[in-house]
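# Analysis of the macromolecular model
Chain by chain, the residues run as shown.
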Amino acid sequence: MYLLADLTDQVVPSQLANVLGVNPSTVSRMVRKLSNQGWVKFEHYGRVYLTHEGKQLGKTLVKHNEVLEQIKTPLKSLCLKPS
């Protein structure tokens, strides 16, 4: 969601469903859970907005993913080396 959010930190639920390959009802359930945890705010049948905490979490997750991607190839080659 963080990567899909535009400059206003909002996402259209149907866009999220398309990208994730899930039904819109699945996105609705997910958004309610994220809202209950304080990560997003949403308008019924409208857009989803990242809260400040949601933006911070998204930024952190993207950074962690980038680090994992950087070490994945070297680790893979170490694991696949013949003994």
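To keep things clear, this report deals only with the structure shown in the data block. All values reported here derive from a predicted model rather than from experimental measurement.

### A short note on the overall build of the chain
- Looking only at helices and strands, the chain features 3 helices and 3 strands.
- Ordered by position from the N terminus, the helices and strands of the chain form the series β-α-α-β-β-α.
- Taken over C-alpha atoms, the radius of gyration comes to 17 Å for the chain, far larger than the 12 Å a tight globule of 83 residues would show.
- Principal-axis analysis of the C-alpha atoms gives the chain an extent of 60 × 25 × 20 Å.
- Counting all 83 residues of the chain, 17% fall into the buried class.
- The long-range fraction of contacts in the chain, counting pairs at least 24 apart against all pairs at least 6 apart in sequence, stands at 40%.
- Counting only carbon and sulfur atoms, one obtains 58% of the accessible surface of the chain, whose full area is about 6500 Å².
- For the chain, the distance from the average position of its 11 positive side-chain charges to the average position of its 6 negative side-chain charges is 8 Å.

### Details of helix α2 (residues 24-36)
- Its 13 residues give α2 an end-to-end C-alpha distance of 18 Å, which sits within 8% of 18 Å, the value for a rise of 1.5 Å per residue.
- Just past α2, the residue G38 takes up positive phi, approximately 90°.

### Examining the pattern of salt bridges
- Tallied over the entire structure, the rule returns 1 salt bridge.
- For E69, the salt bridge goes to K72, with nearest N and O atoms at 3.3 Å. One end of the pair is E69 and the other is K72, both in helix α3 (residues 52-80) and 3 residues apart, which spans about a single turn.
- With a relative accessible area of 40%, E69 lands in the partly exposed category.
- Of the residues examined, K72 reaches a relative accessible area of 44% and is grouped as partly exposed.

### Describing the sheet that holds strand β1 (residues 10-11)
- As summarised here, the arrangement of the 3 strands in space is β1-β3-β2, forming an open sheet in which the pairing is antiparallel. Two strands in the sheet have a free side with no partner beyond their single neighbour: β1 and β2 (40-42).
- Most of the contacts of α2 go to β2, to which it runs at about 125°, and overall it touches β2 and β3 (48-50).

### Notes on the environment of G54
- You can see G54 is positioned in helix α3.
- For the pair G54 and N18, spaced 36 residues apart in sequence, the C-alpha separation works out to 21 Å.

### Regarding the packing of helix α1 (residues 13-20) against α2
- Running from amino to carboxyl end, α1 crosses α2 at an angle of 110°, the nearest separation of the two axes being 9 Å. Classed by the angle they form, the pair α1 and α2 counts as roughly perpendicular. The interaxial crossing formed by α1 with α2 has right-handed handedness. Where α1 approaches α2, its residues P13, L16, A17 and L20 are matched on the opposing element by P24, V27 and M30.

Here is what the cut-offs are and how they apply
Residues numbered from 1 in each chain as written. Predicted model: local features only at pLDDT ≥ 70, side-chain atom pairs only at ≥ 80, totals over all residues. Heavy atoms only, no water. Helix = DSSP H or I, 4+ residues; strand = E, 2+ residues; numbered from the N terminus. Rg over C-alpha atoms; globule rule 2.2 N^0.38 Å. Buried < 20%, exposed > 50% of the residue type's maximum accessible area, 1.4 Å probe, protein only. Contact = heavy atoms within 4.5 Å. Areas by Shrake-Rupley, 256 points an atom, 1.4 Å probe, with all protein chains shown as cover. Lys, Arg positive; Asp, Glu negative; His and termini not counted. Charge placed at Lys NZ, Arg CZ, Asp CG, Glu CD. Expected span 1.5 Å × (residues − 1). Salt bridge = Lys/Arg side-chain N within 4 Å of Asp/Glu carboxyl O. Pairing = 2+ DSSP bridges. Axes fitted to C-alpha atoms, helices over the stretch in contact; angles between N-to-C directions. Parallel < 35°, antiparallel > 145°, perpendicular 65-115°, else oblique. Left-handed = near helix turned anticlockwise from the far one by under 90°.

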